[in-house]
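Analysis of the macromolecular model
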Amino acid sequence: MAAPTAVDSTQSLNEDTSFIVTLAQLSFADTGETEPPTSPGTLVSIEITQLPTLGSLMLDGVALSVGDSVTVSQISNNLLTYTPAQHESGAGYASFSFKVTDSNDDSSVSPNTMTFDVAPVDDAPIITGDSTGDVTEGNVGDAEVKASGTLTASDVEADDVPVFTSVTDASGLYGRFSITDQGVWTYTLDQTLVQDLDDGETLIDSYTFDAPDSDPAGADLTASQQVDITITGTADAPVLSAPGQVLEDEVLDFTGTNVISVDDIDDDIASVQLTVTKGGLNVTLQGSVVLDAGAQGDKTLTLTGNSVAEINSVLASLTYQGDQDYNGADILTVLVTDNNGVPAI
């Protein structure tokens, strides 16, 4: 009786890759039988007799066990694979043993062994840590608004020591990014670039930092990490200007150099209240602007409208006339309130 045979072999693969076992690597052979005479058989399957102690032997992504059978069809379809443990390598790193079975239903007498030599490869650094931050919009001239965090770069190769490429005040879309070689990063918001943000509205500013691994062999690999900053808008206080003086019993037109104007970077002014104590006020209404309180000639008028531009057009028609025969100081108080309830006087 002549049993089918295979041969021991050593296969090579790189760290962190998978190896596909093929029929050719098994070196199957069968001479048939002499008593009674039979033709040589063909390979039908292999039986796993010993599993690798390191890594995993898989059939179509499922781990095999001792005693499992793998068919020729499965091997031909590249379903039998070996994968070493992540980031591990070495000569004679692992092996598995098997027996072959032929179409005569004969099996090899002794198992054969397939050994794997796993070659090391340089691994890129891994970056962990703070990759997001938050800042809030303020007013131009306020103290600087910053966000900060720390990134950490590491490498599985002990002789590779990754450090970050230092960056100082690199421009983002709405601010400046910096990082030290040890991964401490800072973001500084440029208030002049975000004053159009409405209350609660957000923007994202981003920058990507790099950390090469400083490989002694000279083949540096680099890891990169993007840091995202969320900028949240706030309700900006309205701004106004209101100069003017007039002679007794004459009408003061708030035009030209005396014009009153209001502004709000968010364009959401809710109302403008005009108040004097020694005279009366009049305006010419237009567009969406109405008198929400007071009447023409009253000491207090409250205007509401749909836009800052329309309110300013009505303010450009404002006139003041002091009480009969009154002379002396009078104060025009302008109270501007936006839709978030933020006032300016």
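To start, this report covers the structure provided alongside it. (Residues numbered from 1 in each chain as written. Predicted model: local features only at pLDDT ≥ 70, side-chain atom pairs only at ≥ 80, totals over all residues. Heavy atoms only, no water.)

**Brief notes about the overall build of the protein chain**
Each helix and strand counted, the protein chain has three helices and 29 strands in total. Counting over 345 residues, the protein chain shows a buried share of 36%. Looking at the protein chain alone, contacts between residues at least 24 apart form 66% of all its contacts between residues at least 6 apart. When the accessible surface of the protein chain is totalled, it reaches about 17200 Å², and 49% of it is carbon and sulfur. (Helix = DSSP H or I, 4+ residues; strand = E, 2+ residues; numbered from the N terminus. Buried < 20%, exposed > 50% of the residue type's maximum accessible area, 1.4 Å probe, protein only. Contact = heavy atoms within 4.5 Å. Areas by Shrake-Rupley, 256 points an atom, 1.4 Å probe, with all protein chains shown as cover.)

**Details of the side chain of Thr81**
Examined against the element boundaries, Thr81 turns out to sit in strand S9 (residues 80-83). A relative accessible area of 17% places Thr81 in the buried class.

**Details of the nonpolar core**
Residues Leu26, Ile46, Leu80, Phe96, Phe98 and Met114 are the most contacted members of the largest nonpolar core, which totals 23 residues. Of all the secondary-structure elements, those providing two or more residues to this core are strand S5 (43-50), strand S6 (56-59), S9, strand S10 (90-102) and strand S11 (112-119). The leading source of residues in this core is S10, at five residues. The contact partners of Leu26, leaving out residues within four places of it in the chain, are Ala6, Val7, Val21, Leu43, Ile46, Ile75, Phe98 and Met114. With 22 residues, the next largest nonpolar core counts Val135, Ala147, Phe164 and Trp185 among its residues. (Core = buried A, V, L, I, M, F, W, Y, C linked by side-chain atoms within 4.5 Å.)

**Comments concerning the sheet that holds strand S8 (residues 69-71)**
Within a sheet, neighbouring strands are paired by backbone hydrogen bonds and run either parallel or antiparallel to one another. The sheet built from five strands is open, its strands ordered S1-S11-S10-S5-S8 with mixed pairing. Looking at which strands have only one partner, the edges of the open sheet turn out to be strand S1 (9-14) and S8. Pairwise comparison of adjacent strand axes, ignoring direction, gives a mean angle of 35 degrees for this sheet. Across six bridges, S10 lies against S11 in antiparallel orientation. (Pairing = 2+ DSSP bridges. Axes fitted to C-alpha atoms, helices over the stretch in contact; angles between N-to-C directions.)

**Concerning a negative patch on the surface**
Together, Asp196, Asp198, Asp199 and Glu201 make up a region of like negative charge exposed at the surface. By relative accessible area, Asp196 is classed as exposed at 60%. (Patch = residues over 30% accessible without salt bridge, like charges linked within 9 Å, V, L, I, M, F, W, Y side chains within 5 Å. Salt bridge = Lys/Arg side-chain N within 4 Å of Asp/Glu carboxyl O. Lys, Arg positive; Asp, Glu negative; His and termini not counted. Charge placed at Lys NZ, Arg CZ, Asp CG, Glu CD.)

**A few points about the sheet that holds strand S15 (residues 167-171)**
The antiparallel open sheet is built from five strands, whose spatial order is S12-S14-S17-S16-S15. Two strands bound the open sheet, and with one partner strand each, they are strand S12 (126-129) and S15. On average, each strand axis in the sheet is tilted by 25 degrees relative to the strand beside it, whichever way the strands run. Examined bridge by bridge, strand S16 (residues 175-179) and strand S17 (residues 184-189) share five bridges and lie antiparallel to one another. Its bridge partner being in S17, Ile179 is matched across the sheet by Trp185.

**Some thoughts on the pairing of S17**
By the bridge criterion, five bridges tie strand S14 (residues 146-154) to S17 in an arrangement that is antiparallel. Paired with Lys146 across the strands is Thr188, a residue of S17. The antiparallel pairing of S16 with S17 creates a hairpin that spans four residues between the two strands, and Gly183 there sits at a positive phi of about 90 degrees.

**Notes on the side chain of Asp30**
Relative to the elements of secondary structure, Asp30 occurs in the loop between helix H1 (23-26) and strand S3 (33-34). Buried and unpaired, Asp30 has Lys99 as its nearest opposite-charge partner, separated by 15 Å. Ignoring any residue separated from it by four or fewer positions in sequence, one finds Asp30 in contact with Ala2, Pro4, Pro40, Gly41, Asp102 and Asn104.

**A short note on unusual backbone geometry**
Phi at His87 takes a positive value of approximately 65 degrees, unusual for a residue other than glycine. With respect to the secondary-structure elements, His87 resides in the loop between S9 and S10. Its identity is not glycine, yet Asp169 carries a phi of approximately 55 degrees, on the positive side. Assignment of secondary structure puts Asp169 in strand S15. Residue classification places Asp169 among the partly exposed residues on the basis of a relative accessible area of 42%.

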